[in-house]
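Coordinates in review
Residue strings, one per chain:
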Amino acid sequence: MFSAGISFSRFSQTVLKKCKHVGNKMFSNKYLLLTNVAVSVTLSGTGDFLEQALEISSESSKHWDKKRTSYMATSGLTVGVVCHYWYKFLDSKLPERTIKVVAKKVVVDQILFSPICISVFFVTLGLLERASLETIRTEIVKKGWRLYVAEWFIWPPAQVINFYWLPTRYRVLYDNTISLGYDIYTSYVVHDNSEE
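Residues numbered from 1 in each chain as written. Predicted model: local features only at pLDDT ≥ 70, side-chain atom pairs only at ≥ 80, totals over all residues. Heavy atoms only, no water.

1. Re the nonpolar core
Our working rule: Among buried residues, the Ala, Val, Leu, Ile, Met, Phe, Trp, Tyr and Cys ones that are joined through side-chain atoms within 4.5 Å form a nonpolar core. Each residue is placed in one exposure class: buried if its accessible area under a 1.4 Å probe, protein chains only, is under 20% of its type's maximum, exposed if it is over 50%, and partly exposed if it falls in between. The helix and strand labels rest on DSSP assignments: H or I over at least four residues marks a helix, E over at least two residues marks a strand, and numbering proceeds from the N terminus. Contacts: residue pairs with any heavy atoms within 4.5 Å of one another.
Residues Cys-83, Tyr-87, Phe-121, Phe-122, Leu-125, Leu-147 and Phe-163 are the most contacted members of the largest nonpolar core, which totals 27 residues. Those elements that place two or more of their residues in this core are helix 3 (66-93), helix 4 (99-128), helix 5 (133-165) and helix 6 (171-190). For this core, the element with the most residues is helix 4, which contributes 9 residues. Sequence-distant contacts of Cys-83, defined by excluding residues within four places in its chain, comprise Phe-113, Cys-117, Val-172 and Asp-175.

Written out as structure tokens, the structure is:
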């Protein structure tokens, strides 16, 4: 029994070392873009899957739309790339972690980048759905504002933590982790046709 405890201890230490090694590689500069995109794709798809699960539980006639989930996951690809480069750019221009610099980053992120990110999201979905440019523009105007207003409640406090405590390489991971709940709402807004 004692030797089994030692074996398990060695096994768990080995597993933890491997996980740390893989984590360090994933978040190294060499693989960071790929990691950020993979995280964004996975969590965007998961957000839609969870939203559809909520919809299906309230409407028994509804079924899971795999195409919709794949489109939402693909939107995570484009948004993941854009966020990856945005955070690198923002941190290069405002590298300090003082309260004043963090406040500037939050304001710039919310006022400048948020509308860009929302637009990239809608353009990606529109292109996947083969929508016309007019339809994409209408979606951005009609539904983008709902997402933008919601962002003002979620992202400023979340980004204070992101910009003050986290290194650049973990920003997209943190962003997407916080964003999982927001992704559920995003999927709801994008697929809500009650105003039409």
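2. Considerations on helix 4
Note the cut-off: In this scheme, a helix's expected span is set at 1.5 Å multiplied by one less than its residue total.
For helix 4, spanning 30 residues, the distance from its first C-alpha to its last is 41 Å, which sits close to the expected 44 Å at 1.5 Å a residue. Phi turns positive, to about 55°, at Arg-130, one or two residues after helix 4.

3. What to know about the packing of aromatic side chains
Aromatic rings considered in pairs are described by the distance between their centres and by the relative angle of their planes. This is how the line gets drawn: In summary, the pairing rule links any two rings of Phe, Tyr or Trp, Trp by its six-membered ring, whose centres are within 6.5 Å, and it sorts them by plane angle into stacked for under 30 degrees, edge-to-face for over 60 and tilted for everything else.
According to the stated counting rule, one finds 9 aromatic pairs in the structure shown. A ring pair is formed by Phe-49 and Trp-64, whose centres lie 5.5 Å apart and whose planes are at 90°; its orientation type is edge-to-face. Note that Phe-49 is positioned in helix 2 (residues 32-58) and Trp-64 in the loop between helix 2 and helix 3, a separation of 15 residues in sequence. Their ring planes at 35° and their centres at 6.4 Å tell us that Tyr-185 and Tyr-188 sit as a pair that is tilted. Residue Tyr-185 and its partner Tyr-188 are both found in helix 6; the two are separated by 3 residues, about one turn of the helix. Accessibility expressed as a relative area gives 30% for Tyr-185, which makes it partly exposed. A network of ring pairs unites the aromatic residues Trp-86, Phe-89 and Phe-113 as a single cluster.

4. Brief notes about the layout of surface pockets
Our working rule: A 1.4 Å probe that fits into a set of points on a 1 Å grid over the protein atoms alone but cannot get out defines a cavity; an open set with protein on both sides within 12 Å along at least five of seven lines defines a pocket, and lining residues are those with an atom within 4 Å of a point. Grid points are joined across faces, edges and corners, and a volume is the space filled by probe spheres set on the points. The residue classification treats Ala, Val, Leu, Ile, Met, Phe, Trp, Tyr, Cys and Pro as nonpolar and Asp, Glu, Lys and Arg as charged. All others, Gly included, are polar.
Taken as a whole, the largest pocket encloses approximately 210 Å³ of empty space. Around the largest pocket, the lining residues are Phe-122, Leu-125, Gly-126, Glu-129, Ala-131, Thr-135, Ile-136, Glu-139, Lys-143, Val-190, His-191 and Asn-193. Those elements giving two or more residues to the lining of the largest pocket turn out to be helix 4 and helix 5. For the lining of the largest pocket, the leading source of residues is helix 5, giving 4 residues. For the lining of the largest pocket, the residue count by class is 5 nonpolar, 4 polar and 3 charged.

5. Notes on the environment of Phe-163
You can see Phe-163 is positioned in helix 5. Of the residues examined, Phe-163 reaches a relative accessible area of 0% and is grouped as buried. Here the alpha-carbon distance between Phe-163 and Glu-96, two residues 67 residues apart in the chain, equals 9.3 Å. Setting aside chain neighbours within four positions, we find Phe-163 in contact with Tyr-87, Leu-90, Arg-97, Val-102, Lys-105, Val-106, Asp-109 and Arg-171.

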